[in-house]
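Residue-level listing of the chains:
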There are 4 protein chains.
Amino acid sequence: MDKLVEQGSRRLKWAYEHMPVIQELDRRYREEQPLAGLKIGMALHTEAKTGMLAVTLANAGAKICLASCNPLSTDDSVAAALRNEYGLDVHAKKYETQEEYYNNLNAVLNISPDYVIDDGADLITMAHTKRRDALKNIKGGNEETTTGVIRLKAMAAQGKLEFPVMDINDAKMKYLFDNRYGTGQSAFDGWMNATNLVVAGKHLVVGGYGWCGKGVAMRAKGMGAIVTVTEVDPVKAIEARMDGFEVKPMAEAVKTADIVMTVTGCKDIITEKVLANMKDGCVMGNVGHFDNEINKKDLDAMTVSKEKARDFVDRYTLKDGRKLYLIAEGRLMNLAAGQGHPAEVMDTSFASQAMGIVYMVNNHERMSCQVYRVPDEIDNEIATIKLRSLGIEIDSLTPEQYDYIHSWQEGT
Amino acid sequence: MDKLVEQGSRRLKWAYEHMPVIQELDRRYREEQPLAGLKIGMALHTEAKTGMLAVTLANAGAKICLASCNPLSTDDSVAAALRNEYGLDVHAKKYETQEEYYNNLNAVLNISPDYVIDDGADLITMAHTKRRDALKNIKGGNEETTTGVIRLKAMAAQGKLEFPVMDINDAKMKYLFDNRYGTGQSAFDGWMNATNLVVAGKHLVVGGYGWCGKGVAMRAKGMGAIVTVTEVDPVKAIEARMDGFEVKPMAEAVKTADIVMTVTGCKDIITEKVLANMKDGCVMGNVGHFDNEINKKDLDAMTVSKEKARDFVDRYTLKDGRKLYLIAEGRLMNLAAGQGHPAEVMDTSFASQAMGIVYMVNNHERMSCQVYRVPDEIDNEIATIKLRSLGIEIDSLTPEQYDYIHSWQEGT
Amino acid sequence: MDKLVEQGSRRLKWAYEHMPVIQELDRRYREEQPLAGLKIGMALHTEAKTGMLAVTLANAGAKICLASCNPLSTDDSVAAALRNEYGLDVHAKKYETQEEYYNNLNAVLNISPDYVIDDGADLITMAHTKRRDALKNIKGGNEETTTGVIRLKAMAAQGKLEFPVMDINDAKMKYLFDNRYGTGQSAFDGWMNATNLVVAGKHLVVGGYGWCGKGVAMRAKGMGAIVTVTEVDPVKAIEARMDGFEVKPMAEAVKTADIVMTVTGCKDIITEKVLANMKDGCVMGNVGHFDNEINKKDLDAMTVSKEKARDFVDRYTLKDGRKLYLIAEGRLMNLAAGQGHPAEVMDTSFASQAMGIVYMVNNHERMSCQVYRVPDEIDNEIATIKLRSLGIEIDSLTPEQYDYIHSWQEGT
Amino acid sequence: MDKLVEQGSRRLKWAYEHMPVIQELDRRYREEQPLAGLKIGMALHTEAKTGMLAVTLANAGAKICLASCNPLSTDDSVAAALRNEYGLDVHAKKYETQEEYYNNLNAVLNISPDYVIDDGADLITMAHTKRRDALKNIKGGNEETTTGVIRLKAMAAQGKLEFPVMDINDAKMKYLFDNRYGTGQSAFDGWMNATNLVVAGKHLVVGGYGWCGKGVAMRAKGMGAIVTVTEVDPVKAIEARMDGFEVKPMAEAVKTADIVMTVTGCKDIITEKVLANMKDGCVMGNVGHFDNEINKKDLDAMTVSKEKARDFVDRYTLKDGRKLYLIAEGRLMNLAAGQGHPAEVMDTSFASQAMGIVYMVNNHERMSCQVYRVPDEIDNEIATIKLRSLGIEIDSLTPEQYDYIHSWQEGT
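Residues numbered from 1 in each chain as written. Chains lettered and ligands numbered in written order. Predicted model: local features only at pLDDT ≥ 70, side-chain atom pairs only at ≥ 80, totals over all residues. Heavy atoms only, no water.

### Observations concerning the interface of chain A and chain D
Step number 1: In this complex, chain A contributes 42 residues to the contact, which on the side of chain D involves 43 residues.
Step number 2: Of all residues in chain A, the largest losses of buried area upon contact with chain D belong to Trp14, Gln185 and Asn196 of chain A, amounting jointly to 20% of the total for that side.
Step number 3: Residue Glu17 of chain D pairs with Arg315 of chain A through a salt bridge whose shortest N-O separation is 3.0 Å.
Step number 4: For the interface between chain A and chain D, the tally reads 29 residue pairs in polar contact (both at pLDDT 80 or more).
Step number 5: Every element with two or more residues in the side of chain A that touches chain D is listed here: α1 (3-17), α9 (172-195), α10 (211-222), β12 (303-310), β13 (313-318), β14 (323-327) and α16 (343-363) of chain A.
Step number 6: Top element by residues in the side of chain A that touches chain D is α9 of chain A. It accounts for seven residues.
Step number 7: Partitioning the side of chain A that touches chain D into residue classes produces 16 nonpolar, 11 polar and 15 charged. (Contact = heavy atoms within 4.5 Å. Buried area = accessible area lost by both parts, 1.4 Å probe. Salt bridge = Lys/Arg side-chain N within 4 Å of Asp/Glu carboxyl O. Polar contact = N/O pair within 3.5 Å; in protein donor to acceptor, adjacent residues only side chain to side chain. Helix = DSSP H or I, 4+ residues; strand = E, 2+ residues; numbered from the N terminus. Nonpolar A, V, L, I, M, F, W, Y, C, P; charged D, E, K, R; others polar.)

This is the structure:
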């Protein structure tokens, strides 16, 4: 067996071993074949965990075509193994050019999918704009991430969304786990792999205190950093403060920052104005979906020389003599410089994807062109399977307790 | 000045000094008089922070009548000062009998209030049952706590709720802070005052992983306990586990428990079946609203002798020789054995109350007999005032950023 | 039974229930009578845990005379119970004047003790100066706290110490537990009782990063504070930083401080220069042994009016209009405003005292006038009893492992 | 420039940029030439930080010969760059056989060093046994790690040590930082790189609660694990429990373990008896110096098949069907599967090495064949330089304060 395929196979097997909910759904769907005869186009980070989602959907009866949702996030060994060992149609490689990236998304739409699974909404956007030929066959889709959901809700609000979409990102079994514990850990996987620098005792600035930012801040504290949070939402700002973090505007926070991680889902978090204040020696990385949180044009304009400092770190020497460091060109550092989220958290995210797409297949005719929350029943079923896989028992309400919390007459 | 009044005045002044949002609303409402000519009936824990809410509403033009929402939670010095220094109509004392408790609620309804502010929904329930005479003048109300909201939603679902109610409990500036940081800290205020026992190295079981339970578990960990969580909701159960806590059924968890705190809002969390397994020497306390989380009948039935072990702790010697300890007779230990939530967290809770009741006064005619969420604008305004009082500046979205996160065309 | 005696008896019983090592030593010493016929003079904080140490030593055969080592730290109910229920000779009350304080220490020396147990070294100092009449019969002593050990080592270094002293403070089973987990928790017992203010989100400055300061900083973080540490030792300063705390000079740190706690064992930590910079509204408390860490003369000199803000808090209004708050007049806030260390941590401290004094009785003839470390065997025995009481088993070295870590020939 | 050399040069430059104390010593020693004319033989992990220590010593005038102290811990690119760019004599490569490993140590001794710097004491042991020819010229040495110090103290106790050795491991600026924050972080660098599995919610067992074990346990907790500690020392066992960890015998702890990390410095921590109880799916790794903490012979004897599961993980399928996983063949997982300690913590460790060897050169004639603590002055100087590099100011004692804590007359 080819070395690359062998490595990819190992990684897929390893992931599968640590995804007990996917294992159970795989067993169930192999038998039930809920996706028999359907074509599913996917644009996700092509690595081991996603690979096992694709395999599970294929085992459930679907024809799969898979591209990556980010030019840097493909694991070539996994792509090779999916093609060679599992017979999937995969269009993805690490370090895609912009052109290759869009060619691959086009390849996915070329199969004329019945359903699409997207991460960041590039694929769905293309289907609604340049590839309206593909649009007419699409009955529904899933969206994985905050950024994509924001875009799709904007489309729906403007009446531009032409099929229903399941908002997987806001499934409880996704965002409560993937965004916090997944991003929280993988950001530091990327950090340690890229820099081999200590976190303890460092001033670390987290841009954004959404669920992902909360995860990064929590783990930064857990590793000994002194954390400052930046926010635009006053409620989240107070929450960050009450969680024991300093809260400041970004342009203020960077004055003493050793490390800055952007996790906002917005653009232009680190701009010329911010860079002007940044402490000499600061290392920046992005954990948000797109590579526009740190404005590289602004950084380039202030730079006199740029060189590779480590495999995933560039050293920018500015006109004023300061040296700043950027991880993975400002792309998702947990995927570009690390190995992405751990299998166990992707297990429940991708179980939400799998159950979400099956739900969509069964219900799309009753749904309108909106973004839908995953029903609580799906969250509860996934959680229940996960608990069982961990050997954890929990209490259940007695009928008297159930009545009590659904009644109002009993008081002091 | 009377000693008791003097002490109460000091406590009210102290609380007010640490409630900057209430201070700002007080200044604003004194001028605007939004509650001029209205009668407001209140049933809350009669202590210093609540006192300052009542004073603020009085300063805003309302006639106030105040009772306690729990027979053990009154601070007599504060009650005295509210009567003597601030001229409020207060019907509350510490250690009320069941009869006194209901007499006091009746006194509140006797003023025929225009609006009611409740905590636990006993007052509103009375107005809908035995005191329907008072019901007809009530135009709306606020409810403070999880337990009360559950009851009122049950009433609304059954079509039994006869005026609109603001769900203050689920205002972001309430539950995110009061329930977590307030309950989290005050539970241990009660603990330390009642027991003077160490938390570090103890097996501490938290019953319930809602926002209050999360706060208690977080602080227990922060004080060095080894924490186990019990839940009936599988999603919350996984969340607790991922937060680094053991998750078990209660009857299992108590086998090694040194400390048990119930924080569920449900009843019968500690019953005969659980007590049968409980470790010798275990100390139990309740942080949920009502005193039925720990079933005292079950405990009494297993007991051969009971004696006072400390001012707020009873020692139960069971038939099998085990000794179990119960704090504050199973009533809210943070209020009965401690001083309740810190002023700073009640600041934003009671700002939500004050702004909520003003909102209700201005909008009740457009509202139906339902339980209403506090509008985001109120949360944001409270958060903004709070940030200002802390001297914290935050970022704001540029127009380009605003467009970006409300658009969908820009992608990879 | 007298109410006060009854309360004190309850507290002593409660403490004893939670001191399993003292229980075991008590059983052992009742039988062995290692202190038969000896007079022991004690100056410790007269509260429940100390009370049980005194009772244990009495049960071991000694005649006990007990005073308090701090004018504010006596629990009158415990003093009453020790006198009335246990027949001990106790000279202590809460709120002693300076004169009463020294009278009580003199009373202890009046019994002409064979051994002394001291906390802060005031008693031992008196015996070496004004009460040299008592000195001649003293064969040895124990010292409980950092401050006292510093004083006694200074005496020994100058050749002024005239009997051997066991340094109980530096016994592992004392300082690793009492200083960290005891002080860490009880500082916040005092804080919550005195202020009822939140810790989360507050800027809290800890003066000193010795074992006590580490404990306070650790718990402050665990309760959600943003912690800054001040130090004079560069190694401890770096350690604090690596533990995730800001490190600053005190005069800088107080500019943004909401709470300051001094835990240095040195004097003049908060002086005029520091107070000049202190943030309006800051609350100060001391957790160090003496009340000279916060210089009250300096504070008084800057003050225009002073009033009681709460039972244990004074409000100082300065000439420049700022209001500063001082807890318990700058005395040990965990004892003066709280209930002192939990029984479980005092268990091992006082087991070190009990075993230390028995060791001294058995070995004093072979000892010189120095300050002695408690032998490792005592630490290990106390730890082993404690583990047993907790039901914890641990591994032990196999003979092969023992040889391995005591040999040098086996390598890579 | 050769690719490998280029990569190594980048890594050395990167490390140097993050080692401000080494930078300052390098500047100082280039001028002072304290090692002029001396030959220094080194056996350390040959990677970037060590490389910069070697370069600094070379710049200080010494002739350097460097081998690795572990067959798996060499960074080939750094070795290449040290040879080609810095002209050092380096005998090390990744994946050395046992024979190559000892050949390289022999090469170091072949230069007949004046001083040796060792990590694990293999080099010093060889000089005392098979290579006594080299012994006669060695005037002194440094030892880096716990394991080595244990061996050397055993030698000294038996009168077998024939030159003085500085115990660098127990320098405060080494063990307080390197062992805790370095090992704590790098263990999880190795973990994430080897497994890409989540830590949060996992049962993680830490074998040993010395300074390294404390670091690993602290970070495990900081990443969300539920941690159990095993110990043979009763005092450390209680300490672990008070820090919020379960404490159990290893054979008990592994029954529910998802992850086991051994950090004891002893051998045979995971043996047949332990493996027999281990939970199916458990992943084991070692963070102690030698690869004998997990007994691979015992593991092999229970295994029916073994295969590569990931690049640094082997899957063992046992006779009873359980699958167990071993990271990096049981060798130091933070170096074999990760990148070793961060540069900033090695900065102070290697500053202790550099100042320690200069101290030895200046003082060896006054020293006997013992293991020596690094003088406090060196610790304080390193800490002071480090603070300065971080821009941190601290307080200093006034003369009055100095007198106060060195006197004994001032009391209550």
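Now, onward.
### Some words on helix α5 (residues 98-110) of chain A
Residue and element names in this part refer to chain A.
Step number 1: Between its first and last C-alpha atoms α5 spans 18 Å; for 13 residues at 1.5 Å apiece the expected length is 18 Å, and the two agree.
Step number 2: Buried residues along α5 sit in contact with β1 (39-43), β2 (63-67), β3 (89-91), α6 (122-128) and α7 (132-135).
Step number 3: Following α5 by one or two positions, Ser112 adopts a phi angle in the positive range, close to 55°. (Expected span 1.5 Å × (residues − 1).)

### Thoughts on the interface of chain D and chain C
Interface extent is often summarised as the accessible area lost during association of the parts.
Step number 1: Listed as interface residues are 69 residues of chain D and, on the opposing side, 69 residues of chain C.
Step number 2: For the pair chain D and chain C, the summed buried surface comes to about 5900 Å²; carbon and sulfur atoms form 64% of the total.
Step number 3: Applying the counting rule to chain D against chain C returns two salt bridges.
Step number 4: Summed over the shared surface of chain D and chain C, the result is 14 residue pairs in polar contact (both at pLDDT 80 or more).
Step number 5: Counting only elements with at least two residues in the side of chain D that touches chain C, the list comes to α5 (98-110), α6 (122-128), α8 (146-157), α9 (172-195), α11 (234-242), α17 (376-389) and α18 (399-406) of chain D.
Step number 6: Element by element, the count of residues in the side of chain D that touches chain C is highest for α11 of chain D, at seven residues.
Step number 7: When grouped by side-chain class, the residues that make up the side of chain D that touches chain C number 33 nonpolar, 16 polar and 20 charged.

### Observations concerning the UniProt feature "domain: S-adenosyl-L-homocysteine hydrolase NAD binding" (unreviewed entry) in chain A
Step number 1: Here, UniProt's "domain: S-adenosyl-L-homocysteine hydrolase NAD binding" (unreviewed entry) annotation points to residues 179-340 of chain A.
Step number 2: Within the segment residues 179-340 of chain A, helix and strand shares are 36% and 24% respectively, and the terminal C-alpha atoms sit 12 Å apart. (UniProt positions renumbered as here; feature names shortened; annotations may be inferred.)

### So, the packing of helix α17 (residues 376-389) of chain C against α11 of chain D
Step number 1: Two elements in contact, α17 of chain C and α11 of chain D, have axes whose closest approach is 8 Å; the angle formed by their N-to-C orientations is 50°. Compared by their axis directions, α17 of chain C and α11 of chain D come out oblique. Where α17 of chain C crosses over α11 of chain D, the two elements pack in a sense that is left-handed. Between α17 of chain C and α11 of chain D, the contacting residues are Asp379, Asn380, Ala383, Thr384, Lys386 and Leu387 of chain C on the first element and Pro234, Val235, Ala237 and Ile238 of chain D on the second.
Step number 2: Along the lines of polarity and charge, the residues of the contact of α17 of chain C with α11 of chain D split into six nonpolar, two polar and two charged. (Axes fitted to C-alpha atoms, helices over the stretch in contact; angles between N-to-C directions. Parallel < 35°, antiparallel > 145°, perpendicular 65-115°, else oblique. Left-handed = near helix turned anticlockwise from the far one by under 90°.)

### A few points about the pattern of salt bridges
Here the idea is simple: oppositely charged side chains can pair when their charged atoms come close.
Residues and elements named next belong to chain A.
Step number 1: With the rule as written, the count across this model stands at 105 salt bridges over all chains.
Step number 2: Residue Arg11 pairs with Asp75 through a salt bridge whose shortest N-O separation is 2.6 Å. Placement of the pair is Arg11 in helix α1 and Asp75 in the loop between β2 and α4 (76-84), with a sequence separation of 64 residues.
Step number 3: Several salt bridges converge on common partners, so that one network encompasses Glu24, Arg27, Arg28, Glu381 and Arg388.

### A word on the relation of the copies chain D and chain C
Step number 1: Mapping chain D onto chain C calls for a screw motion: a turn of 180° about the axis and a shift of 0.0 Å along it, with 0.0 Å RMSD after fitting. What the rotation and shift describe, once combined, is the action of a two-fold rotation axis.
Step number 2: Interface residue correspondence from chain D to chain C reaches 100%, placing this contact among same-surface, isologous pairings. (Least-squares fit on C-alpha atoms with pLDDT ≥ 70 in both.)

### Some remarks on the packing of aromatic side chains
One pair of aromatic rings is described through two measures. These are the centre distance and the angle between the planes.
Step number 1: This structure, assessed with the given rule, holds 20 aromatic pairs over all chains.
Step number 2: For the ring pair Tyr101 of chain B and Tyr102 of chain B, a centre distance of 5.0 Å and an interplane angle of 75° mean the geometry is edge-to-face.
Step number 3: Looking at Tyr101 of chain B, the relative accessible area reads 1%, which means it is buried.
Step number 4: In this arrangement the basic side chain of Lys221 of chain A is found over the ring face of Phe245 of chain A, its NZ or CZ atom lying 5.1 Å from the centre.
Step number 5: Positioned above the aromatic ring of Tyr95 of chain D, the side-chain terminus of Lys94 of chain D is 5.7 Å from the ring centre. (Phe/Tyr/Trp six-rings, centres within 6.5 Å; stacked < 30°, edge-to-face > 60°. Buried < 20%, exposed > 50% of the residue type's maximum accessible area, 1.4 Å probe, protein only. Lys NZ or Arg CZ within 6 Å of the ring centre and 35° of its normal.)

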